[in-house]
Amino acid sequence: MNTSLSWIKTYVPDLDVQPQEYMDAMTLSGSKVEGYKKLDEDTKIDIAQNLAGRTDEDSFNALKELIKDRSELVRVNACDSMYSFINSDALKILMDTLKKDRSSLVRMYAVLSIGDILKAGLEESHKLYITMLKEMVDKEKSLRVKIAYYEVLSSFGVDEYFTLLLKQVDSTLYTNRI
């Protein structure tokens, strides 16, 4: 059976061990260890994409780890796949990513997934998160992220953002692939 050391650390948070040390300890315990393989970027992206739409705790924990990955594309796909977790923990992780991630592409997908989660069911959180998003959009420097904010906010009936969205779509600075 293949297991991820980061997955094991979600269940044993105090486990502070390097992969080789862990393999040695498992071998000494009588468990068969065939080797250690570090996941490459493409594999992590595939994992994040395959977790889209899943709602189980293991998938959530895996995406939570992938959102912290060094690779921008891994984080983008993890944020994009987080949309199916209709809970406050997912919203908190995405909001934290939105506040701290340096990549505008990652922040854009975090905004879009926040919108998807709010649309799917957390009515009691709408007002709070809409207020937070309205405060954050003014600080955003990236046009593509602002457009994502405008889209999400306008989908909740905040008309001023629909007007801003239309202005940006009509702008010569904005291009969309056809």
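Below: a short report on this structure. (Residues numbered from 1 in each chain as written. Predicted model: local features only at pLDDT ≥ 70, side-chain atom pairs only at ≥ 80, totals over all residues. Heavy atoms only, no water.)

Let's talk about the overall build of the protein
Right, on to step 1. The helix and strand tally for the protein stands at ten helices and zero strands.
Right, on to step 2. The linear arrangement of helices and strands in the protein, starting from the amino end, is α-α-α-α-α-α-α-α-α-α.
Right, on to step 3. Reported as C-alpha extents along the three principal axes, the dimensions of the protein are approximately 65 × 35 × 25 Å.
Right, on to step 4. In the protein, buried positions account for 39% of the 178 residues. (Helix = DSSP H or I, 4+ residues; strand = E, 2+ residues; numbered from the N terminus. Buried < 20%, exposed > 50% of the residue type's maximum accessible area, 1.4 Å probe, protein only.)

Here's the deal with the environment of Thr163
Right, on to step 1. When you line up the elements, Thr163 lands in helix 10 (residues 159–170).
Right, on to step 2. In sequence terms Thr163 and Tyr150 are 13 residues apart; their C-alpha atoms lie 8.6 Å from each other.

Notes on the nonpolar core
Right, on to step 1. In this structure, Leu63, Met82, Leu94, Leu98, Ile114, Leu133 and Tyr149 are the most contacted members of the largest nonpolar core, which totals 42 residues.
Right, on to step 2. Going through the elements one at a time, helix 3 (41–50), helix 4 (57–66), helix 5 (72–81), helix 6 (88–100), helix 7 (104–120), helix 8 (123–137), helix 9 (143–155) and helix 10 are the ones with two or more residues in this core.
Right, on to step 3. Broken down by element, this core gets its largest block of residues, eight residues, from helix 7.
Right, on to step 4. Leave out the neighbours within four places in its chain, and Leu98 touches Arg107, Ala110, Val111, Ile114, Leu133, Met136 and Tyr149. (Core = buried A, V, L, I, M, F, W, Y, C linked by side-chain atoms within 4.5 Å. Contact = heavy atoms within 4.5 Å.)

Remember, this is a structural readout, not a statement about activity or role.
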